[in-house]
Amino acid sequence: MTKLPSLRESILQHLRYSFGKDPEHAILEDWRMAVSYAVRDRITDAWINATHRTYDTGAKRVYYLSMEFLIGRLLEDGIVNLELVDEARAVLAEFGKDYQAVLADEPDAALGNGGLGRLAACFLESLSTLGCPAHGYGIRYEHGLFRQSFVDGRQVEMPEHWLEQRHAWEFERPEVRYRVGFGGHVDTRGETVRWYPAEEVEAEAFDTPVVGWKGRWANTLRLWSGRAIHPFDLDRFNHGDYAGAAQPEALARTISRVLYPDDTTEQGKELRLKQEYFLTCAALRDILRRFNNQFGDLRKLPAKVAIQLNDTHPAIAGPELVRVLHDERGLPFDDALEIAQGCLSYTNHTLLPEALEAWDESLFGRLLPRHIQLIDRIDATHAARNPSRQQSMRADHQVKMGQLSFVMAHKVNGVSALHTDLMKSTVFSELHRLHPDRIVNQTNGVTPRRWLLGCNPRLASLITESIGEAWVDDLDQLTRLEPSVEDAAWLDRYAQVKRDNKVDLANWMARHHGVHVDPDMLFDVQIKRLHEYKRQHLNILETIALWSEIRDNPEAGWTPRLKLFAGKAAPGYFFAKDIIRLINDAAAVINADPVTAPYLKVAFLPNYNVSLAERLVPAADLSEQISTAGKEASGTGNMKFALNGAPTVGTLDGANVEIREHVGAENFFLFGMTAEEVMERRHVDGHAWRAIEADPRLRRALDLIRDGRFSPQDPGRYHGITGNLEGPDYFLVCSDFTDYWRAQREVDAAFADRSRWSRMAAWNTARSGWFSSDRTIRGYMADIWNAQSLIGA
Ligand code: NBG
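Conventions used here
- Residues numbered from 1 in each chain as written.
- Predicted model: local features only at pLDDT ≥ 70, side-chain atom pairs only at ≥ 80, totals over all residues.
- Heavy atoms only, no water.
- Helix = DSSP H or I, 4+ residues; strand = E, 2+ residues; numbered from the N terminus.
- Rg over C-alpha atoms; globule rule 2.2 N^0.38 Å.
- Buried < 20%, exposed > 50% of the residue type's maximum accessible area, 1.4 Å probe, protein only.
- Contact = heavy atoms within 4.5 Å.
- Areas by Shrake-Rupley, 256 points an atom, 1.4 Å probe, with all protein chains shown as cover.
- Lys, Arg positive; Asp, Glu negative; His and termini not counted.
- Charge placed at Lys NZ, Arg CZ, Asp CG, Glu CD.
- Arc of directions from axis to C-beta.
- Near = heavy atom within 4 Å.
- Polar contact = N/O pair within 3.5 Å; in protein donor to acceptor, adjacent residues only side chain to side chain.
- Nonpolar A, V, L, I, M, F, W, Y, C, P; charged D, E, K, R; others polar.
- Pairing = 2+ DSSP bridges.
- Axes fitted to C-alpha atoms, helices over the stretch in contact; angles between N-to-C directions.
- Parallel < 35°, antiparallel > 145°, perpendicular 65-115°, else oblique.
- Left-handed = near helix turned anticlockwise from the far one by under 90°.
- Patch = residues over 30% accessible without salt bridge, like charges linked within 9 Å, V, L, I, M, F, W, Y side chains within 5 Å.
- Salt bridge = Lys/Arg side-chain N within 4 Å of Asp/Glu carboxyl O.

Peer 1: Quick rundown of the overall build of the protein chain? Include the residues and the values.
Peer 2: Counting secondary structure elements, the protein chain contains 33 helices and 24 strands. Relative to the 2.2 N^0.38 estimate, which gives 28 Å for 793 residues, the radius of gyration of the protein chain is 27 Å and therefore close to what a compact globule would have. Projected onto its principal axes, the C-alpha positions of the protein chain cover 85 × 70 × 60 Å. Counting only residues that meet the buried cut, the protein chain has 61% of its 793 residues in that class. Once local pairs closer than 6 in sequence are excluded, the contacts in the protein chain between residues at least 24 apart make up 77%. Of the roughly 29300 Å² of accessible surface on the protein chain, a fraction of 50% belongs to carbon and sulfur atoms. Each charge class in the protein chain can be summarised by its mean position, and for the 93 positive and 111 negative side chains these summaries are 2 Å apart.

Peer 1: Which residues make up the side chain of Lys534, and what values do they have?
Peer 2: In this structure, Lys534 sits in the loop between strand 19 (522–527) and helix 22 (536–552). Lys534 gets classed as buried once you look at its relative accessible area, which sits at 7%. The residues contacting Lys534, other than those within four sequence positions of it, are Gln526, Lys528, Arg529, Ile626, Ser627 and Glu632.

Peer 1: An account of unusual backbone geometry is needed here, citing residue identities and associated values.
Peer 2: Notably, Asp152 is not glycine yet its phi reads approximately 50 degrees, a positive angle. In this structure, Asp152 sits in the loop between strand 5 (147–151) and strand 6 (154–158). The class of Asp152 is exposed, set by a relative accessible area of 59%. In this structure, Leu732 takes a positive phi of about 55 degrees despite not being glycine. The topology assignment puts Leu732 in the loop between helix 30 (719–726) and helix 31 (733–752). We classify Leu732 as buried; its relative accessible area is 0%.

Peer 1: Tell me what's going on with helix 28 (residues 687–694), and back it up with residues and numbers.
Peer 2: Along helix 28, the positions that sit buried rather than exposed are His687, Ala688, Ala691 and Ile692. The buried residues of helix 28 all sit within an arc of 130 degrees when viewed along its axis, so they share a single face. Seen from the buried face of helix 28, the exposed residues on the opposite side, beyond 90 degrees, are Arg690, Glu693 and Ala694. For helix 28, the secondary structure elements touched by its buried residues are helix 27 (675–681), helix 29 (696–706), helix 30 and helix 31.

Peer 1: Could you give an account of the site of the ligand, naming the residues involved and the relevant values?
Peer 2: In the region of the ligand, 15 residues are neighbours, and His349, Asn444, Glu632, Ser634 and Gly635 sit closest. Contact between the ligand and Arg529: an oxygen atom at 3.4 Å from a side-chain N or O atom of the residue. A distance of 3.3 Å separates an oxygen atom of the ligand from a polar backbone atom of Ala633. Of the residues contributing to the shell around the ligand, the split by class is five nonpolar, seven polar and three charged.

Peer 1: Give a description of the sheet that holds strand 11 (residues 218–227) that names residues and reports values.
Peer 2: Strand order across the open sheet formed by nine strands is 7-10-11-4-1-12-13-17-18, with mixed pairing between neighbours. Whereas interior strands pair on both sides, the edge strands pair on one side only; in this sheet they are strand 7 (171–182) and strand 18 (439–441). With direction set aside, neighbouring strand axes in the sheet form an average angle of 25 degrees. Sheet topology note: the strand 10 (residues 199–211)/strand 11 ladder contains ten bridges and is antiparallel. Across the sheet, residue Phe206 finds its bridge partner in strand 11, namely Leu223. Sheet contacts for helix 9 (residues 266–294): strand 1 (61–65), strand 4 (134–139), strand 7, strand 10, strand 11 and strand 12 (305–310); angle to strand 7, the most-contacted strand, approximately 115 degrees.

Peer 1: I'd love a proper account of the packing of helix 1 (residues 7–18) against helix 2 (residues 28–57), names of residues and values included.
Peer 2: Helix packing for two helices is described by the angle between their axes and how far apart those axes are. Where helix 1 meets helix 2, the axes come as close as 8 Å, and the angle between the chain directions of the two elements is 120 degrees. The angle between the axes of helix 1 and helix 2 places the two elements in the oblique class. Of the two elements, helix 1 crosses helix 2, and the hand of that crossing is right-handed. Side by side, helix 1 and helix 2 meet where Leu7, Ser10, Ile11, Leu12, His14, Leu15 and Ser18 of the first sit next to Asp30, Trp31, Ala34, Val35, Tyr37, Ala38, Asp41 and Arg42 of the second.

Peer 1: Account for a nonpolar patch on the surface, with residues named and values stated.
Peer 2: Judged by side-chain polarity, Phe232, Leu234, Phe237 and Tyr242 come together as a nonpolar surface patch covering roughly 430 Å² of accessible area. Tracing the sequence through the fold places Phe232 in the loop between strand 11 and helix 7 (234–238). Its relative accessible area of 44% is what places Phe232 among the partly exposed residues.

Peer 1: Mind laying out the packing of helix 12 (residues 333–343) against helix 14 (residues 369–385), listing which residues take part and the relevant values?
Peer 2: Viewed as axis vectors pointing N to C, helix 12 and helix 14 meet at an angle of 90 degrees, and their least axial separation amounts to 12 Å. As summarised for this structure, helix 12 and helix 14 are arranged roughly perpendicular, according to the angle between their axes. Packed against helix 12, whose contacting residues are Phe333, Asp334 and Leu337, the element helix 14 presents Leu374, Arg377, Ile378, Thr381 and Arg385 at the interface. Looking at side-chain class alone, the contact of helix 12 with helix 14 contains four nonpolar, one polar and three charged residues.

Below, the structure written as structure tokens:
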């Protein structure tokens, strides 16, 4: 291996030889690219070494198949993991460049939607930190999730062009291409079955190395891009049909164009299913090619290959693997099935019925005619082996991807203890009865490198100064802070860190969003996808009620509070978009009120993404995790906040339950019904009305919204929301309101006593070690993948 020059030398070399600039003429983007390449060179060495080690040891490999990898920016991650922060900062300073500005120049790769995609990104980093040989497989969306802005308070969606700026991290692999077919017909001759697709596109690989802590190991994120097999139709061109000549390429590229095509149309549904098969088919070809080169004997597949299905999106991997092994490689069907099950496992991320994929069988059969036959055969085999079985993979003219995933997997996991229990008792109750050992729990986690060391350097330094740096890849060490939490001088420093972070955020909001806030207010933060079950509307109702109360009695000694929101609503989810607008409308009225101004401010920051979360999490005082109990599978934002010293106000839902157990009930503001009570309450006639009758504050807040107090030009604007809350209120916003209000006033009282508050916050940090994604990945390695770490091997 060649010895790399110093970081400074590397940066200057790249500036000159990769980008043709000298420092005098380099623009910000040149610097960002040169620093990225210099860092990437160092990662590449670790990466190639890791690959060699994996081949040499013949180790089992893990493949994480996911339609989303919400990786965000990568430069800071690389710098932090290679411990180059000070050096990089110094080199840039020498040339008059601001380190933060260089980092912020990188586009935020929004190749995901929310927790599921961010979890996949944290997992990749932990897999590398732990030295577990792994690949992530996904799609290289040209446009990730849309860019959000507000016009008159309304969400407006614009395409995200992250690839238009230069992107430093990927290696194009033009030699790694696979054909992916759709449609066509199936030809059966005795035992020989062949699928002849009508349409084919090519998947081309782009690799991004993902480095772990201290650069000890790096794994690969391999993303597929769609291209045409014959990109250009010369014949049509020569006949003057220029648009037609370019059509094959345009069509093929559609497949990797956007994350979440609008699937309210038939074409949108078809495109989404095509994307899922595209990812899965290309990934499996790649996995089998690698396996073949190294091992050959297909019966050894489960010993060498673990394939994790991140939700049902890649569930077609089951029938596809059976198809390749049986139809193409000639293994008996039963053997193919057994081998596939030995490799596959499935993570469920939600119990919401609308999120459990079910494809219309005519669409599915048209696009994947051989797979639907195999699904029926798998289903029949499963039925024959389990005579008491009743649910099928094929019902209501649909193909049920949850059922399919469960049956094809040797392990199925939920993402928090509560969620796993609910999986057993609700959606998968029958399958759980038939296969009682299959469901296991792996409570989610977050990587402490990005979510503490990287995003909160002040707190990270205080911790390292107090207990040494071993916590960075052994987060349980944080419990060693416990004695400090009881030490007043240390607690002052801890409080000062939070205050400094809040000042930074306040300055940034003033500069970029014209929002002016006092950093001594309580920063109360709810940042996550917009969804009724997450109940941003419960939060804004409480805000409005609080505003009214302060107006009634401004001298009552209110705890000053900033309510911060961020999050995107799915473009077709109109109710959620109305909630955004309501929050913005209410913010405009409340922020303009001189009476309440010292005590209450509201802001909705646009275009929530990973980078914005990295800014908000370290500065938060309070973490809002207020979903209807039983609906949030886990949550991972809740973990980031707790780790960074923001106590939770929350329900007993998802991982909140475990967070509360770890940080202590006295450091957590609990409210609301339990999952069981929720299920009962739904059956109580007029539950919303009863709650409204019983609570004049709630009554008044709803009246203000309904009577157009926040939309005077258009008083009926929010009748959809008030009508829903006063009527069905499926997510029990009204029923939980009163207790939420109570919990929030407890928050006020606790925050008013600053030393009490700092202790609560510090306990949250000291007790959050368990929520490291390193712990989660160790769990998957031991309980699901049977995979080993190669660091030190
Ligand atoms: C989300 C859940 C979260 C959970 C993440 C990661 C989907 C479908 N599910 O509660 O809503 O934390 O997955 O497991 O995005």
